[in-house]
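Fold and contact review
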Amino acid sequence: MAVSSPDLKAFLLATPFFGGLSDASLDLLVSMLVERRFDVGATVVAEGEPGRSMFIVHSGELEVVSKLADSGRVMRMARLEPGDFFGEMTLIEMQNRSATVVAESPTVLYELTARELYRCYKADIHAYVMVMQNINRELCRRLRRADKRIAELQMLHASQ
């Protein structure tokens, strides 16, 4: 179901994904979102499956896990909370999902498909550019956190 409400708009504007958008651009993007609800334990997306959409977490908590190819072990990668978004990598690189996302509590997400993002590009190039910049900023933040973790693990390994 498509959504639109003043409370939702206020929530979305406070997230990193929608920052800097004009009211008209935000209205356009909100009209493109579809609400998705998931129960505890439900898999939202699965590692390796084709991805054609991304999600903004409105409520609930989710866990991001990935399989280690050689060992088959599952590793917790991140925890997602309201205001976070995920799935954007498939919209940028058009590759399969890089991880599995599971609902740890009853969860409400707002989905934005690649088709709708393209429609945004055609209708409001400024909004599209802002969204892509916001995605890129978040990807840079994630890369910095990953770099820091790698450095910490190297230091730990070197001290052993």
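The structure displayed is predicted, hence computed values, not measured ones.

**Some thoughts on the environment of V44**
- By the element assignment, V44 lies in strand β2 (residues 43-45).
- Taking the relative accessible area as the measure of exposure, V44 reaches 12% and is therefore buried.
- Residue contacts for V44: discarding those within four places in its chain leaves F38, E49, F55, L62, F86, V101 and L109.

**A look at the side chain of T100**
- Inspection of the secondary structure assignment puts T100 in strand β7 (residues 100-103).
- For T100, the side chain forms a polar contact with the main-chain nitrogen of E47, separated by 2.9 Å.
- Each residue touching T100, except ones within four places of it in the same chain, is listed here: T43, V45, A46, E47, E63, V64 and V65.

**Side note on helix α4 (residues 114-123)**
- All of the buried residues along α4 are E116, L117 and C120. Looking down the long axis of α4, one finds its buried residues gathered within 105° of arc, a one-sided arrangement. The outward face of α4, more than 90 degrees from its buried face, is lined by the exposed residues R115 and K122.
- Among the structural elements, α2 (23-32), α3 (88-93), β8 (107-113) and α5 (125-158) are those in contact with the buried residues of α4.

**Topic: unusual backbone geometry**
- Phi is positive for M94, which is not a glycine, with a value near 55°.
- Structurally, M94 is set in the loop between α3 and β7.

**Re helix α1 (residues 6-13)**
- Within α1, the full set of buried residues consists of L8, K9 and L12. The buried residues of α1 occupy an angular sector of 100° when the element is viewed end-on, so they sit on one face. Across α1 from its buried face, at more than 90 degrees, point the exposed residues P6, D7 and A10.
- Summarising the contacts, the buried residues of α1 are in contact with α2, β3 (53-59) and β8.

**Some words on the sheet that holds β8**
- A sheet is described by the order of its strands in space; here four strands give the open sequence β1-β8-β3-β6, paired in antiparallel fashion. Two strands in the sheet have a free side with no partner beyond their single neighbour: β1 (34-38) and β6 (85-86).
- In this structure, β3 lies alongside β8, joined through six bridges in antiparallel fashion. Opposite V57, over in β8, you have L109 as the bridge partner.
- This element, α1, spans β3 and β8 of the sheet and lies at about 110° to β3.
- Sheet contacts for α4: β3 and β8; angle to β8, the most-contacted strand, approximately 55°.

Conventions adopted
- Residues numbered from 1 in each chain as written.
- Predicted model: local features only at pLDDT ≥ 70, side-chain atom pairs only at ≥ 80, totals over all residues.
- Heavy atoms only, no water.
- Helix = DSSP H or I, 4+ residues; strand = E, 2+ residues; numbered from the N terminus.
- Buried < 20%, exposed > 50% of the residue type's maximum accessible area, 1.4 Å probe, protein only.
- Contact = heavy atoms within 4.5 Å.
- Polar contact = N/O pair within 3.5 Å; in protein donor to acceptor, adjacent residues only side chain to side chain.
- Arc of directions from axis to C-beta.
- Pairing = 2+ DSSP bridges.
- Axes fitted to C-alpha atoms, helices over the stretch in contact; angles between N-to-C directions.

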